[in-house]
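Listed below, chain by chain, are the residues.
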Amino acid sequence: MNILYNIGTRAYFLGIKLAAAFGHRKAKLMEEGRQDWAQKLQAKVNELKAQDPSRPYIWFHAASLGEFEQGRPLIEALREKYPQYRILQTFFSPSGYEVRKNYKGADIVCYLPYDKPSECRRFLDITQPSIAFFVKYEFWGNILEELDRRKVPTYLISGIFREHQAFFKSYGGVLRPVLSHFRHIFVQDEESKRLLATIGYDKNVTICGDTRFDRVIAIQQQAKQYAWAEEFSKGQFTLVAGSSWPKDEDILLEHFNQHPEMKLIIAPHEIHEEHIQSIIGKLKRPYMRYSQLDACKVTSVDCLIIDAIGFLSSIYRYGQVAYIGGGFGVGIHNTLEAAVYGMPVIFGPNHTAFREALGLLDAKGGFTISNAEQYASLMQTFMTDPQALREAGKRAGQYVQAESGATETIFKAVFA
């Protein structure tokens, strides 16, 4: 890789070390997770080799949790069709690793070492992957160059490219060669393919959509049933609010307090006690926390606060409308987990960077709001017009189904 790239990445990795030294939680986890990485990885590889020395590795790399979920459908398809391979899953960020470090679909889950030539060579010497998949937008130049040098077929899946990325700037020549190390690039949309063509990458690029659509369909098919949620929502209009933040809650809870004809299940993005108490402080109707659930009394309250993780994707099924948080701040969370159940999805204004949200809007199964008045107007429609509710939900579900199939496209292209 060129010297400018290595200077830039070294400075970035040094910044992580300094942040860790000053107590930055995420940086500290990144540093601790990579401590003695080679020895730990070699020990795990040796352990698996002793069990069966003949099984090669297919390597998946994701920056974080969201990207992992995009790669997961392909991992699980591989597990089913090609059990002779072992799966190696790496993360760059602790927000992925810490959540999925015990993922049973992979034989090894670990951090990707920092992108330094010597560490890249050592990593590949230990793991010796047969195939490598990078998810969405991970472009580490040294490891990709070394994979190419070793003639390891390497693919980018669920790729998405936008004009603001460095590849398409006047100074992008430093980074563009990184893309040449992929044998094939599978992109989510036509715009990504068009942009790549403007910088000379018009071959070995396929539009196949986003594997997350396949993932949410699989989640829906395996969704858990919760008798307490069914009992709570039975026979009443129920809103499920997922991954909410305080600005979302200001709008949701004020409306909820004024409408005794509806019920609410709210699963906030952060479930620390201070946030839960903030929600409770805004409520003027009876509520129950999941952590204090009494199934016998669940019908006596109007609001369920899910102060635990792992429930949301299955809970959406118990609502008529979903609200997805984050749109008044960092950006909206996963809209597809709700839309797959055939229900209209509402979210805030910070959604334009999310292709699936734009798709839901175009399909008229998603709805965006900028203030409490717009939210109240939408909810009034859905609560009083059953036909409008059914049509919006139907369009949301149809959009998810129509966009599925990316996993099979990639699978056929790579393993044909």
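To keep things clear, this report deals only with the structure shown in the data block. Everything numeric here is computed off the predicted structure, so don't read it as measured data. (Residues numbered from 1 in each chain as written. Predicted model: local features only at pLDDT ≥ 70, side-chain atom pairs only at ≥ 80, totals over all residues. Heavy atoms only, no water.)

### A short note on the pattern of salt bridges
Proximity of charged atoms lets side chains of opposite charge pair with each other. Quick note on the threshold: The working definition used for a salt bridge is a side-chain nitrogen of Lys or Arg within 4 Å of a carboxyl oxygen of Asp or Glu. Put simply, DSSP marks the helices as runs of H or I at least four residues long and the strands as runs of E at least two long, and each gets a number from the N terminus on. Classification of residues uses two cut-offs on accessible area relative to the type maximum, computed with a 1.4 Å probe and protein chains only: under 20% is buried, over 50% is exposed, and between them is partly exposed.
Inspection of the entire model under this criterion finds 26 salt bridges. With its nearest N and O atoms 3.2 Å apart, the salt bridge here joins Arg100 to Glu69. Separated by 31 residues along the polypeptide, Arg100 in helix H5 (residues 94-100) and Glu69 in helix H4 (residues 65-81) bring together distant segments of the chain. The class for Glu69 is buried, based on a relative accessible area of 16%. Where Asp189 meets Arg162, a salt bridge forms, and the shortest distance between an N and an O atom there is 3.0 Å. Of this pair, Asp189 sits in the loop between strand E6 (184-187) and helix H8 (190-198) while Arg162 sits in the loop between strand E5 (154-159) and E6, and the two are 27 residues apart along the sequence.

### A word on the packing of helix H15 (residues 355-363) against helix H17 (residues 386-402)
This is how the line gets drawn: Helix axes are fitted to C-alpha atoms over the stretch in contact, other axes to C-alpha atoms as well, and angles between N-to-C directions run from 0 to 180 degrees. Oblique is the label for every angle not falling under 35 degrees (roughly parallel), over 145 degrees (roughly antiparallel), or within 65 to 115 degrees (roughly perpendicular). If you view the pair so one helix is near and one far, a crossing is left-handed when the near helix is turned anticlockwise from the far one by less than a right angle, and right-handed when it is turned clockwise. Between two residues, a contact is recorded if the distance between any of their heavy atoms is within 4.5 Å. Under the grouping applied here, Gly and all other residues not named as nonpolar or charged are polar, the nonpolar ones being Ala, Val, Leu, Ile, Met, Phe, Trp, Tyr, Cys and Pro and the charged ones Asp, Glu, Lys and Arg.
At a closest axis distance of 9 Å, the pairing of H15 and H17 adopts a crossing angle of 135°. Taken as axis vectors, H15 and H17 run oblique relative to one another. Crossing angle aside, the handedness with which H15 passes H17 is right-handed. For the pair H15 and H17, contact is made by Arg355, Glu356, Gly359, Leu360 and Ala363 and by Arg395, Ala396 and Tyr399, respectively. Here the residues of the contact of H15 with H17 sort into four nonpolar, one polar and three charged.

### Structural notes on the side chain of Lys116
For clarity, the cut-off: Counting rule applied: Lys, Arg positive; Asp, Glu negative; His and chain ends not counted.
One can find Lys116 in the loop between strand E3 (108-111) and helix H6 (117-127). Notably, Lys116 is buried but unbridged: the nearest opposite-charge side chain belongs to Glu119, and the N-O separation is 4.9 Å. Setting aside residues up to four positions removed in sequence, Lys116 forms contacts with Arg10, Phe13 and Asn142.

### Re the packing of helix H11 (residues 246-257) against helix H16 (residues 372-384)
Between H11 and H16, the shortest axis-to-axis distance is 10 Å and the interhelical angle comes to 50°. Looking at the two axes, H11 sits oblique to H16. Crossing angle aside, the handedness with which H11 passes H16 is right-handed. Where H11 abuts H16, its residues Ile251, Leu252 and His255 lie against Ala372, Tyr375, Ala376, Met379 and Met383. Partitioning the contact of H11 with H16 into residue classes produces seven nonpolar, one polar and no charged.

### Structural notes on the sheet that holds E5
Worth spelling out the cut-off: Two strands are counted as paired when DSSP detects at least two bridges linking them.
Taken together, seven strands build an open sheet; the order of strands is E3-E2-E1-E4-E5-E6-E7 and the sheet is parallel. Sheet topology places E3 and strand E7 (205-207) at the edges, where each strand pairs with a single neighbour. With strand direction ignored, the average angle separating the axes of adjacent strands in the sheet is 20°. Here three bridges tie E6 to E7, and the two strands are oriented parallel to one another. Bridge pairing in E7 places Ile185 opposite Val205.

### Side note on the sheet that holds strand E14 (residues 366-368)
Pairing is parallel in the open sheet, where seven strands are placed in the order E10-E11-E9-E8-E12-E13-E14. Across the chains shown, the open sheet's two edge strands, defined by having one partner strand only, are strand E10 (287-289) and E14. Each strand axis lies, on average, 20° off the axis of its neighbour in the sheet, ignoring direction. The pairing of strand E8 (residues 237-244) with strand E9 (residues 262-268) spans seven bridges and is classified as parallel. For Leu239, the partnering residue across the bridge sits in E9 and is Leu264. Running over the sheet, helix H12 (residues 273-282) touches E8, E9, E10 and strand E11 (303-305) and is turned about 170° from E10. In the packing of H15 onto the sheet, the strands contacted are strand E13 (345-347) and E14, and the crossing angle to E14 comes to about 105°.

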